[in-house]
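Fold and contact review
This is what each chain is made of:
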Amino acid sequence: MKEQFMRAAIRLSLVKMRANHGGPFGAVVVRRGKIVARGWNQVASTNDPTAHAEVTAIRAACQKLKTFKLDDCELYTSCEPCPMCLAAIYWARFKKVYYANTRRDAAKIQFDDALIYREVARPVARRLIPMQQLLRPQALKVFAEWQAKADKISY
């Protein structure tokens, strides 16, 4: 079954790439042995830099299943997730992830995430994109209100 789901992700990457929807990446979300959602790279076709295959698959699965927790699901993706997708995978709480190509394979065709992996590990003051903190006291008031909110949905 695992190979069948991975073939579906790879096939999706090929079909959508050939249709000029974006880069050569596909993903499927599987729950209880069935594909519940599909996603493919749509960065260029939607002008959305976050529309990676894993993210679009996660969005579709959450919408279909009416939940933001995919802890009873597995993700099959045609390539090792980039840092953004990896973070989304953790936020969604998948129980397992399968991938085909590696990030080194992706780098060979100019999809290199090494810079982002390095940037995440750097202190804020040393990152390539300058970041400046502003209005923390005002923002902390919102956090305090969230913490006290009786009807919040924790995630």
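Residues numbered from 1 in each chain as written. Predicted model: local features only at pLDDT ≥ 70, side-chain atom pairs only at ≥ 80, totals over all residues. Heavy atoms only, no water.

1. Focus on the sheet that holds strand S3 (residues 73-79)
Operational definition: When DSSP finds two or more bridges between two strands, those strands count as paired. Every helix listed is a DSSP run of H or I at least four residues long, and every strand listed is a run of E at least two residues long, numbered separately from the N terminus. For helices, the axis comes from a line fit to the C-alpha atoms of the stretch in contact; other axes are also lines fit to C-alpha atoms, and the angle between any two N-to-C directions lies between 0 and 180 degrees. Two residues form a contact once any of their heavy atoms are found within 4.5 Å.
Sheet architecture is open: four strands sit in the order S2-S1-S3-S4, paired in mixed fashion. The open sheet has two edge strands with one neighbour each: strand S2 (34-40) and strand S4 (96-101). Taken over all neighbouring pairs, the strand axes of this sheet differ in orientation by 15 degrees on average, direction set aside. Sheet analysis places strand S1 (residues 26-31) next to S2, joined by six bridges and oriented antiparallel. Paired with Ala 27 across the two strands is Gly 39, which belongs to S2. Strand contacts of helix H1 (residues 2-18): S1, S2, S3 and S4, with the helix running at about 45 degrees to S3, the strand carrying the most contacts.

2. Some thoughts on the packing of helix H3 (residues 53-65) against helix H4 (residues 83-92)
As a reminder of what qualifies: Relative orientations are named as follows: roughly parallel for angles under 35 degrees, roughly antiparallel for angles over 145 degrees, roughly perpendicular for angles from 65 to 115 degrees, and oblique for any other angle. Crossings are classed by handedness, with left-handed meaning an anticlockwise turn of the near helix from the far one by less than a right angle and right-handed meaning a clockwise turn. Put simply, Ala, Val, Leu, Ile, Met, Phe, Trp, Tyr, Cys and Pro go in the nonpolar bin, Asp, Glu, Lys and Arg in the charged bin, and everything else, Gly too, in the polar bin.
It is at 8 Å that the axes of H3 and H4 come closest, and there the two elements cross at 25 degrees. Considered as vectors, H3 and H4 are oriented roughly parallel to each other. Crossing of H3 against H4: the hand is left-handed. In this structure, H3 uses Glu 54, Val 55 and Ile 58 to contact H4, whose residues at the interface are Met 84, Cys 85, Ala 88, Ile 89 and Ala 92. Grouping the constituent residues of the contact of H3 with H4 by class yields seven nonpolar, no polar and one charged.

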